[in-house]
Amino acid sequence: MVSSTKSLLVTYATSHGSTAEVAQHIADKLSKYRVDVDSAPIMQVRNLAKYDVVVFGSPVHNGLMLPALTHFLTTHGTTLARKHVFLFLTCILVLEQDGAASAIERYIPNRIHEHLGIPPENIRAFAGKLNWDTITIDERWQLTNRYDGKKLPDQNGSSDYRDWDQIGGWANTIAEQLNLR
Ligand SMILES: Cc1cc2nc3c(=O)[nH]c(=O)nc-3n(C[C@H](O)[C@H](O)[C@H](O)COP(=O)(O)O)c2cc1C
């Protein structure tokens, strides 16, 4: 039980912006508790010293978390291992049967969460957002040819699969776990 939490960071990698919005939603929910919450893109985070808790997230592209996030974990791994850490992924595999569990199993490289000591209950995979009209031709090619799920969702327009209640619910679970009031 943590009753002296003072400072919390929500940080994220994003390619098309939707994971940034997920992170912001989590930060907004946590801000309702008595805790200092910062939210920042992962590339801007230099020093974790002031934070007791770090929540970080990345979309999955081509079966991997974004390089910025893996770089962050490599750089700050030792520090993170001493803090309360929560990890989330956004992806479309979550839309499939048992997709969230599969995403956590497949998309976290080298079981890095185990090295960092992140317990399974501190990890979530959320359904993301795909805008087929704005992704590049290269990205469309990658997605249609390399997606490792059973079936891609409809390939036109913008499809937002994010479940804000579920995402907000996770923020409340984090607050409960940290004994925030
Ligand atoms: C080029 C590309 C590759 C993707 N690869 C995967 C993938 O391998 N598995 C998956 O479940 N989702 C995949 N997705 C879906 C993204 O994870 C999802 O759209 C996410 O919400 C994007 O987040 P962002 O807007 O922060 O970049 C891919 C999306 C793109 C554009």
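Residues numbered from 1 in each chain as written. Predicted model: local features only at pLDDT ≥ 70, side-chain atom pairs only at ≥ 80, totals over all residues.

K.L.:
Looking at this structure, how should I read the site of the ligand?
P.N.:
Around the ligand sit 25 residues in total, of which H16, T19, P59, C91 and G128 are the nearest. When residues of the shell around the ligand are traced back to their parent elements, those giving at least two are α1 (18-31), β3 (53-61), β5 (84-91), β7 (129-131) and α5 (137-146). (Near = placed C-beta within 6 Å. Helix = DSSP H or I, 4+ residues; strand = E, 2+ residues; numbered from the N terminus.)

K.L.:
Can you help me understand helix α6 (residues 164-177) in this one?
P.N.:
Counting along an α-helix, one turn takes 3.6 residues, and residues three or four places apart therefore face a common direction. In a regular helix each residue adds 1.5 Å, so 14 residues correspond to 20 Å; α6 covers 20 Å between its end C-alpha atoms and thus fits that length. All of the buried residues in α6 are I167, W170, A171 and I174. Taken down its axis, α6 places every buried residue within 100° of arc, on the same side. Every exposed residue of α6 that faces more than 90 degrees away from the buried side is listed here: D165 and E176. Residues of α6 that are buried make contact with α1, β3, β5 and β6 (123-127). (Expected span 1.5 Å × (residues − 1). Buried ≥ 20, exposed ≤ 12 C-beta atoms within 10 Å, placed from the backbone. Arc of directions from axis to C-beta. Contact = placed C-beta atoms within 7 Å.)

K.L.:
Help me understand unusual backbone geometry, please; the structure alone is not making it clear to me.
P.N.:
With the exception of glycine, the majority of residues adopt a negative phi angle, and the majority of peptide bonds are in the trans configuration. In the Ramachandran plot, D98 falls in the positive-phi region, its phi being about 55° despite a non-glycine side chain. As for its position among the elements, D98 is in the loop between β5 and α3 (99-107). You can call D98 exposed: it has 10 C-beta atoms within 10 Å. Phi angles above zero are rare outside glycine, and R111 is one such case at about 45°. Within the element layout of this structure, R111 appears in the loop between α3 and α4 (112-115).

K.L.:
Would you take a moment to explain the nonpolar core for this structure?
P.N.:
Judged by nonpolar contacts, the single largest core of 42 residues is most densely connected at V10, I26, V54, V55, C91 and V94. Of all the elements, β5 adds the most residues to this core, at six residues. Those residues within four positions of V10 in sequence are excluded, and the remaining contacts are A23, I26, A27, V37, S39 and V55. (Core = buried A, V, L, I, M, F, W, Y, C linked by C-beta atoms within 7 Å.)

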